[in-house]
Amino acid sequence: MKSNRRISTIAALALAALVTGTGTGSAATTTATATATATAAATAPTRSFQGALPAPTGPYAAGEDVIHLTDESRPDPWVPSSGPRQLTITMLYPAVPGTGTPAPYMTLAEAAGHIQQSRIPASSGITPQNVAAVTTHAFDGARPQHGKYPLVLLSPGFGDPRMVLTSLATDLASHGYVVALVGDTNGDSGETLANGQTPPCAICPDAVHLDMNTVTANRALDESFVIDQLTHGTTAWHLAHHIDKHEIGSAGHSIGGATAAATMISDPRVRAGVNMDGKFYPVPMPGQINRPFLMLGETDTHVANGSDTTWGPAWAALGGYKKWLTVTGANHPSFTDVNLLEEQAGFPTPPLAPERGIEITREYVTAFFDQALKGIDSPLLDGPSPDNPEVLFQD
């Protein structure tokens, strides 16, 4: 789908549609209908999908909390009649190993929403129960490590739930970051809100006519609101005192990467940003981003003069420390959990092994934030590495 990179993944494969939440053109449905369909799928007598994400690589465990925030200052941008903007945030943080209980990948209602939107057949063996049970290596209620840590906000692709960036989030937490996975309520296949409702995607059916600059502007408002809430006391999150409010980064995949740039333009508190394989909406103008920025994408699209015509102008406009890297053999979902879960469900994957895509994403994003937010230089960012021959430096 290189002609329309606005949408994270319009997958031909059923599981890709499931985990990315972009759907295949089906109309939005209610949670009740989704649950009914999911119940039927759960009775499938065929093989059962069992997913597991890679363990984090840092010295800490990854603790997890799910919090709910309401921005009383503005209505929901996609469904104004629903009232003030409600957000569901997954917080990942450095934790003491051996504490807490295993965290689910998503709620049953969120999983049911994916299955309904993507029309996953019962014969696939994919059910809400086994999707929710994907091993995350994050632990609910884990005891936090002492100290303060930089905050990184992560934003998924269009229509994608926040969970598809869990592999990256848990790894960042294990290396000493507090991570906020920020979902786009009413803009993905389902976020379970504080009231227990899981609304479907209100904007996915007509995505081709949607102004993506509006999407990133609204997500940037969400991110700034989350920063406000997490850096002013502990009312929003009881562990917020572990956040170093002077060291904040934003990263995202697809339109989530464009969101990182949009947030940096509008919020000077965000000191570093990462765009993983997404077009820029809008393309930054010179002088708007003079802070560190990493562009990490697939080689087929994001080399100089590639089919994504926004990366060249964005690169020229960036005024701070910057890196432009591409990954040979990767495809659009290689920077998320998607390809690995596809492989585990028995579907074909791109030339770059899914585990390798996650490994490269983790290594380079962590190295970048280590340098930008912690002042830790990494030779990984200096140039090509024999250990990572797939990674090409475009600058």
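Residues numbered from 1 in each chain as written. Predicted model: local features only at pLDDT ≥ 70, side-chain atom pairs only at ≥ 80, totals over all residues. Heavy atoms only, no water.

So, the overall build of the chain
How we decide: Strands are runs of DSSP state E lasting at least 2 residues, helices are runs of H or I lasting at least 4, and numbering of each runs from the N terminus. Whether a residue is buried, partly exposed or exposed follows from its accessible area with a 1.4 Å probe, protein chains only, as a fraction of its type maximum: under 20%, in between, or over 50%, in that order. Any pair of residues with heavy atoms lying within 4.5 Å of one another is described as a contacting pair. Using a 1.4 Å probe, accessible areas were evaluated by the Shrake-Rupley method; residue-level cover was limited to the displayed protein chains.
Looking only at helices and strands, the chain features eleven helices and eleven strands. Per-residue burial for the chain yields a buried fraction of 62% across its 395 residues. Once local pairs closer than 6 in sequence are excluded, the contacts in the chain between residues at least 24 apart make up 75%. Summing over all exposed atoms, the chain offers an accessible surface of approximately 14000 Å²; the carbon and sulfur share of this is 57%.

Remarks on the nonpolar core
Here is the rule we go by: Buried Ala, Val, Leu, Ile, Met, Phe, Trp, Tyr and Cys residues that are joined via side-chain atoms within 4.5 Å together make up what is termed a nonpolar core.
Tyr105, Leu154, Val274, Met276, Leu296, Phe368 and Phe369 are the most contacted members of the largest nonpolar core, which has 51 residues in total. Ignoring anything within four residues of it in the chain, the contact list for Phe368 reads Ala272, Gly273, Val274, Pro292, Phe293, Leu294, Tyr321 and Leu381. Judged by nonpolar contacts, the second largest core, of 37 residues, contains Leu87, Trp237, Met264 and Phe293.

As for the pattern of salt bridges
Rule in force here: Each salt bridge in this description consists of a side-chain nitrogen of Lys or Arg and a carboxyl oxygen of Asp or Glu lying within 4 Å of one another.
Taken as a whole, this structure holds 15 salt bridges when the rule is applied. Here Arg271 makes a salt bridge to Glu247, at a shortest N to O gap of 3.1 Å. Note that Arg271 is positioned in strand 8 (residues 270-276) and Glu247 in strand 7 (residues 243-253), a separation of 24 residues in sequence. Judged by its relative accessible area of 15%, Glu247 is buried. The closest approach of N and O atoms between Arg269 and Asp267, which form a salt bridge, is 2.8 Å.

Examining the side chain of Lys323
This is how it is decided: Two N or O atoms form a polar contact when they lie within 3.5 Å of each other; inside protein one atom must be a possible hydrogen donor and the other a possible acceptor, and for residues adjacent in sequence the pair counts only when both atoms belong to side chains.
Secondary-structure assignment places Lys323 in strand 10 (residues 322-327). A polar contact of 3.1 Å, which involves the side chain of Lys323, links it to the backbone oxygen of Leu381. Apart from residues no more than four positions distant in its own chain, Lys323 is found in contact with Phe293, Leu294, Met295, Trp315, Leu381, Phe393 and Asp395.

Focus: the pairing of strand 6 (residues 178-182)
Convention followed: DSSP calls a pair of strands paired once it identifies at least 2 bridges connecting them. Looking down the strands as they point away from the viewer, one classifies a crossover as right-handed if the path from the first strand across the helix to the second runs clockwise.
Here strand 6 lies mainly inside the structure; five of its five residues are buried. Residues of strand 6 alternate between two faces, with Val178, Ala180 and Val182 on one and Val179 and Leu181 on the opposite face, all of them buried. Of the pairings in the sheet, the one linking strand 5 (residues 149-155) to strand 6 comprises four bridges and is parallel in character. In the strand pairing of strand 6, Leu151 is matched with Val178. Each parallel crossover has a hand, and for strand 5 linked through helix 5 (residues 166-174) to strand 6 it is right-handed.

So, the state of the cysteines
Put simply, the test is: Defined by distance alone, a disulfide is two cysteine sulfur atoms within 2.5 Å.
Within the structure shown, the criterion is met by one disulfide. A disulfide bridge connects Cys201 with Cys204, and the sulfur atoms are separated by 2.1 Å. Where Cys201 bonds to Cys204 through sulfur, the torsion about that S-S bond is close to 85°, and the disulfide is right-handed. In this pair, the class of Cys201 matches that of Cys204, namely buried.

Concerning the packing of helix 5 against helix 11 (residues 354-374)
For any two helices packed against each other, the geometry comes down to the angle between their axes and how far apart the axes lie. Condition: Axes here mean lines fitted to C-alpha atoms, for a helix over just the part in contact, with angles spanning 0 to 180 degrees between N-to-C directions. Oblique is the label for any angle not covered by the other classes, which are roughly parallel (under 35 degrees), roughly antiparallel (over 145) and roughly perpendicular (65 to 115). Rotating anticlockwise by less than a right angle from the far helix to the near helix defines a left-handed crossing, while the corresponding clockwise rotation defines a right-handed one. Charged residues are taken to be Asp, Glu, Lys and Arg, nonpolar residues to be Ala, Val, Leu, Ile, Met, Phe, Trp, Tyr, Cys and Pro, and polar residues to be all remaining types, Gly included.
Between helix 5 and helix 11, whose axes approach to 10 Å, the crossing angle comes to 45°. Relative to helix 11, the element helix 5 lies oblique. Seen from above, helix 5 lies across helix 11 with right-handed handedness. Each of Ser167, Leu168, Thr170, Asp171 and Leu172 in helix 5 lies in contact with helix 11, whose residues at this interface are Ile358, Thr361, Arg362, Val365, Thr366 and Phe369. Grouping the amino acids of the contact of helix 5 with helix 11 by side-chain chemistry returns five nonpolar, four polar and two charged.

Description of the pairing of strand 7
For strand 7, the tally of buried residues reaches eight of eleven residues, placing the bulk of the element in the interior. Inspection of the sheet shows strand 5 paired to strand 7 by seven bridges, in the parallel sense. Paired with Leu153 across the strands is Ser250, a residue of strand 7. As paired strands, strand 7 and strand 8 are joined by six bridges and run parallel to one another. Within the sheet, the bridge partner assigned to Ser250 lies in strand 8 and is Gly273. Taking the sense of rotation as the criterion, the β-α-β connection linking strand 7, helix 7 (residues 255-266) and strand 8 turns out right-handed.

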